[in-house]
Amino acid sequence: MPQSLTDVMQQNYMSSKLGFDENGASSDRCSLFAAAGLNWPDTTPLEGKSGRTTNYPFSIDVSNNRILASTDREGNIRRVATALSIEDVRAKTVPGVYVYKKLAFCQGLVGLTLAIGARTQPLPGMRFINGTIPVFSFHLDGLEVHKAIFAPQMNNKRPLCIIQYFSLTNHSHEGRKVTAHNIVSTTGATGTRLLPVHTGIVTPNRMEIEVNQIDVAIQPGQSTNLALIADFSSDESNLRDFCTTQSCFQALTGTLTSRKNSLGSITTPDAPWYGEQLTRASELARQSVLLMENGKVAGSFWGSNANPLPDVWIRDFSYTTLGLLDSEPELANPMIELLASYCIPRHTWEREAPLHPNATGFEHSLGNSCIAAVLASLLIKRHGKQALELDKNVFNDYLQQLATSLISKRPKPGNLYETLYISDGPSRGDYHTGSNILAWKAADALTKDFQYALSGDQKDSLKSIAQNLFDTINKRCVRTINGHTMFVEGINKDGTVIGVHDGEESDLTLASIYGFTSRDDERIRNHARWALSTSDPYYAPITGGIDFWDFDDSNGVTYPGHIHGLCRANTRSELTTALEEIRRTTDLDGSFWWWPFKHAETDSTRVKRGLGKCGWCAGEYISYFLHEIMGVDRNEENRSITIAPYTPWNSFKWSELAFCKGTVDFSQDGYSLNFTNHTDDILHVTLQLTLQPYSMLEDVQINGESRRYQAEVVRLHDSSSVRVLEEVDPDQTVTLRVKAR
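Residues numbered from 1 in each chain as written. Predicted model: local features only at pLDDT ≥ 70, side-chain atom pairs only at ≥ 80, totals over all residues. Heavy atoms only, no water.

Caption draft 1: Just empty space enclosed by the protein, in detail. Taken as a whole, this structure holds six cavities of 30 Å³ or more when the rule is applied. Roughly 190 Å³ of volume is contained in the largest cavity. Forming the walls of the largest cavity are 20 residues, and the residues nearest its centre are Arg519, Cys567, Tyr624, Glu628 and His717. Put simply, the parts of the chain that give the lining of the largest cavity at least two residues each are helix H12 (522-531) and helix H15 (615-629). (1 Å grid on protein atoms, 1.4 Å probe; cavity = no way out; pocket = protein on both sides within 12 Å on 5 of 7 lines; lining within 4 Å. Points joined across faces, edges and corners; volume = space filled by probe spheres on them. Helix = DSSP H or I, 4+ residues; strand = E, 2+ residues; numbered from the N terminus.)

Structure (structure tokens):
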């Protein structure tokens, strides 16, 4: 067990590929955001009347889901938010926002800065421990300093405080007297309750509450620890609970344990950035969400960076939840419950409503109405029925309302559902393709996963509806354009095609994850290639993304279009290109920003931190990476799992992916694919290994025994794949090895 922050760093720290050095240069030297600057201007307002015009400063965010803090590049606290309650605002605000979260909030500056005599601390570099806890490091007059900052979480205990934990080592030949200055300057924000803050400085010998500074002596070759407790509770209880350096260190190690999510970890030796980035994406999705004191979800932000705005965008919230189905299924549960409570409005509203006076709340956003059932169904498949832990009355009422709406508004054979909005933007065409894919998935889920909520007649009707939707989408929403067969964004009743791709349409991106298509469906691929080309009038050739209509030029390319770009790949080279497009526009802490370019940008390397961080895309990316790139498909009820990677890397190792109340490991090295069962069940495992194009298959082996005549050869993207089904006992490892030339 590690005994100090230095021990923790030695075990986990050096593997970090994200972060920056003391000069602010990206550790990976790939992100365009290194040139965008890391400073937090004290005089720049972060939100005006419109968040659209805001160019946010760099922030690193920490959260235990009861409290969210955004810190600057030195690890000082700049903004903090907690959730108090939730308010139903359907029909009272913009069409994509259904609820408001009521917040307690403060902004300003809270933190310890160090000095030795007249010498103050320099700018630090930053890395992550296990991809989750940021550590800021610098050297000062022979003193080596590391500062970890975190929101403590020990199991389900989530105190309202932020801890800065310092490790100081004196490498000089003389004693050093270090002065720690405590800076506390905060204000509130209009529309929120002022969040109080009380601080305590902890040394190995004592705790000083609400002091401005404290001196610590360190002898040559010796080390010591300090901590700042920033307590945002009403009773100052955290100043009592974390009153020693030992209790602060225990909170650090406990938080690291709590941050070990259901994804486990992946290492990719050929491109090590991607393994840590997946963890950072799961942190961005997780930290977007706030819990209230009663454990219920108050909603989410646009991403993880704290702001005082109350709006909860239902579609953002939904895609964030999609990623958490894999990384934090326990947290996904209360999120699905919130969606079930609010995702079907009583009636439609805002600018499209007068144009469609007969539209119902169900038709306000067809996708939003269906999403809770879709997410619940996916959670059940991956983690079992017992994993769905919701208020049964709330969820059953929603299921019945959804079933009734799907049936009462059922389209005639050969037609599809109409809908007004995707999120806040209008849906494209009379029949929006992606929204109807969600309606198909919801109808299918109701008949397969939630039969208990249906009558016999409803079940039969929903089966018929699901089949009609599947057939009609595949017939009417598919066109041949420029010689390529593809899905289209939407169609009109007269059969005309909508000739754009809205960058914030993500359900075609996720169609195979919903089970509607195969993962290499050329109709999805061709649509993505069309959408990210000059054929799409919303495509921005300079910045390589899909623009969002912007009346003031402040924001342009919308990040979900970058995730959709992954669908273009049919070769490993194309997949590398698509992943690198995302890598370049990922910030130095691993965050995606909603709108990283101005609308009228003429320089493809000049990025901005626009609107806020993007929990929507974090959730999409997690799901796409695991299910489409790694080819993982889990079915808890059947104890079956498929591992079918199609990656641009020659080797990778995935450890501790949650499944069947245990975990599994899998790895690939060239033409060998390994799988280890760390559960208590016999698992039905499908291993699929993709050959290089134009290879000639010679033999297929499992643990050295030939399976050539039992193996199946299938097609995946541009190559042939060898597929073998094996039963794998607990604690057993099987290796699929393919010989080819």
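Caption draft 2: Representation of the state of the cysteines. By the definition in use, this model includes zero disulfides. Residue Cys614 stays outside any disulfide, its sulfur separated by 3.4 Å from that of Cys617, the closest cysteine. (Disulfide = S-S within 2.5 Å.)

Caption draft 3: Just the sheet that holds strand S28 (residues 651-659), in detail. The sheet built from seven strands is open, its strands ordered S16-S28-S29-S30-S36-S32-S33 with antiparallel pairing. Single-partner strands in this sheet number two, and they are strand S16 (265-267) and strand S33 (705-706). Relative to strand S29 (residues 662-669), S28 is paired through seven bridges, and the arrangement is antiparallel. Note that in S29 the partner of Lys653 across the bridge is Ser667. (Pairing = 2+ DSSP bridges.)

Caption draft 4: Here's a closer look at the sheet that holds strand S27 (residues 640-643). A sheet is described by the order of its strands in space; here five strands give the open sequence S26-S27-S31-S35-S34, paired in mixed fashion. Looking at strand neighbours, the two that pair on one side only are strand S26 (632-635) and strand S34 (712-716), the edges of this open sheet. For this sheet, the mean inter-axis angle between neighbouring strands, taken without regard to orientation, is 20°. Across five bridges, S34 lies against strand S35 (residues 719-728) in antiparallel orientation. Within the sheet, the bridge partner assigned to Val714 lies in S35 and is Ser721. (Axes fitted to C-alpha atoms, helices over the stretch in contact; angles between N-to-C directions.)

Caption draft 5: Unusual backbone geometry, seen in detail. Even without a glycine there, the phi angle at Glu656 is positive, about 60°. Mapped onto the secondary structure, Glu656 falls in strand S28. On the basis of relative accessible area, Glu656 is assigned to the partly exposed category, the value being 34%. Within the chain, His717 stands out as a residue other than glycine whose phi angle is a positive 55°. With respect to the helices, strands and loops of the structure, His717 is situated in the loop between S34 and S35. (Buried < 20%, exposed > 50% of the residue type's maximum accessible area, 1.4 Å probe, protein only.)

Caption draft 6: A look at the packing of aromatic side chains. Tallying each qualifying case throughout the model produces 23 aromatic pairs. On the numbers, 6.0 Å between centres and 80° between planes, the contact of Phe362 with Tyr417 is edge-to-face. Taken together, the residues span a long stretch of sequence, with Phe362 in helix H7 (residues 361-364) and Tyr417 in the loop between helix H9 (392-408) and strand S20 (431-432) at a distance of 55 residues. When sorted by exposure, Phe362 lands in the same class as Tyr417, which is buried. Among the aromatic side chains, those forming a connected cluster through ring pairs are Trp273, Tyr274, Tyr559, Phe592, Tyr621, Phe625, Trp649, Phe652, Trp654 and Phe666. Stacked on the ring of Phe301, the Lys or Arg Lys101 has its end atom at 4.4 Å from the ring centre. Cation over ring: Arg280 sits above Phe128, and NZ or CZ is 3.9 Å from the ring centre. (Phe/Tyr/Trp six-rings, centres within 6.5 Å; stacked < 30°, edge-to-face > 60°. Lys NZ or Arg CZ within 6 Å of the ring centre and 35° of its normal.)

Caption draft 7: Up close: the side chain of Arg568. Residue position: Arg568 is located in the loop between helix H13 (560-564) and helix H14 (572-584). Once you skip the residues sitting within four places of it in the chain, Arg568 turns out to touch Arg525, Ala528, Arg529, Leu532, Glu574, Ala578 and Glu581. (Contact = heavy atoms within 4.5 Å.)

Caption draft 8: Molecular detail of the environment of Ile162. Relative to the assigned elements, Ile162 resides in strand S9 (residues 161-170). Each C-alpha atom of the pair Ile162 and Lys613 lies 21 Å from the other, and the pair is 451 residues apart in sequence. Not counting residues up to four positions away in its chain, the partners in contact with Ile162 are Val62, Ile67, Ala69, Ile77, Ile149, Phe150, Ala151, Pro152, Leu228, Ile229, Ala230 and Phe232.

Caption draft 9: Summary view of the nonpolar core. Ranked by internal contacts, the top residues of the largest apolar core, which has 193 residues, are Phe395, Tyr398, Leu402, Leu406, Tyr621, Trp654 and Phe675. In contact with Trp654, not counting residues within four places along its chain, are Leu263, Ser265, Ile266, Leu278, Phe625, Leu626, Met630, Val664, Asp665 and Phe666. (Core = buried A, V, L, I, M, F, W, Y, C linked by side-chain atoms within 4.5 Å.)

Caption draft 10: Up close: the environment of Glu22. In this fold, Glu22 is placed in the loop between helix H1 (5-12) and strand S1 (60-63). On a C-alpha basis, the gap between Glu22 and Met126 in space is 7.9 Å, while along the polypeptide they are 104 residues apart. When residues no more than four places from it in sequence are discounted, the contact partners of Glu22 are Arg73, Leu123, Pro124, Gly125 and Ser137.

Caption draft 11: Layout of the environment of Ala359. With respect to the secondary-structure elements, Ala359 resides in the loop between helix H6 (329-342) and H7. Here the alpha-carbon distance between Ala359 and Ala373, two residues 14 residues apart in the chain, equals 21 Å. Beyond its immediate sequence surroundings of up to four residues, Ala359 is in contact with Thr348 and Leu420.

Caption draft 12: Here's a closer look at a negative patch on the surface. Together, Glu210, Asp235, Glu236 and Asp241 make up a negatively charged patch on the protein surface. On the secondary structure map, Asp241 appears in helix H2 (residues 238-241). For Asp241, a relative accessible area of 39% corresponds to the partly exposed category. (Patch = residues over 30% accessible without salt bridge, like charges linked within 9 Å, V, L, I, M, F, W, Y side chains within 5 Å. Areas by Shrake-Rupley, 256 points an atom, 1.4 Å probe, with all protein chains shown as cover. Salt bridge = Lys/Arg side-chain N within 4 Å of Asp/Glu carboxyl O. Lys, Arg positive; Asp, Glu negative; His and termini not counted. Charge placed at Lys NZ, Arg CZ, Asp CG, Glu CD.)

Caption draft 13: Seen up close, the pairing of strand S3 (residues 77-88). Pairing between strand S2 (residues 67-71) and S3: five bridges, direction antiparallel. Of the residues in S3, the one forming a bridge with Ser70 is Arg79. Hairpin connection, S2 to S3: the antiparallel pair is bridged by five residues, and Gly75 has positive phi, about 85°. Pairing analysis gives 10 bridges linking S3 to strand S4 (residues 97-116), with the strands arranged antiparallel. Bridge assignment links Glu87 to a residue of S4, and that residue is Tyr100.

Caption draft 14: Structural detail: the side chain of Glu636. Position of Glu636 among the secondary structure elements: in the loop between S26 and S27. Setting aside its immediate chain neighbours within four residues, Glu636 contacts Ile380, Lys381, Arg382, His383, Gly384, Gln386, Phe659, Cys660 and Lys661.

Caption draft 15: Representation of the packing of helix H8 (residues 366-383) against helix H10 (residues 433-448). Contact geometry for H8 and H10: axes closest at 8 Å, N-to-C directions at 45°. Here H8 is positioned oblique relative to H10, judged by the angle of their axes. Crossing hand, H8 versus H10: left-handed. In contact with Leu366, Gly367, Cys370, Ile371, Ala373, Val374, Ser377 and Leu378 of H8, H10 contributes Ser435, Asn436, Leu438, Ala439, Lys441, Ala442 and Ala445. Of the residues that constitute the contact of H8 with H10, the class distribution is 10 nonpolar, four polar and one charged. (Parallel < 35°, antiparallel > 145°, perpendicular 65-115°, else oblique. Left-handed = near helix turned anticlockwise from the far one by under 90°. Nonpolar A, V, L, I, M, F, W, Y, C, P; charged D, E, K, R; others polar.)

Caption draft 16: Molecular detail of the packing of H8 against H9. Axis separation between H8 and H9 bottoms out at 10 Å; the angle between their running directions is 120°. Judged by the angle between their axes, H8 and H9 are oblique. As H8 packs across H9, the resulting crossing turns out to be left-handed. Here Ser369, Cys370, Ile371, Ala372, Ala373 and Ala376 of H8 lie close against H9, whose contacting residues are Phe395, Tyr398, Leu399, Leu402 and Leu406. For the contact of H8 with H9, the residue count by class is 10 nonpolar, one polar and no charged.

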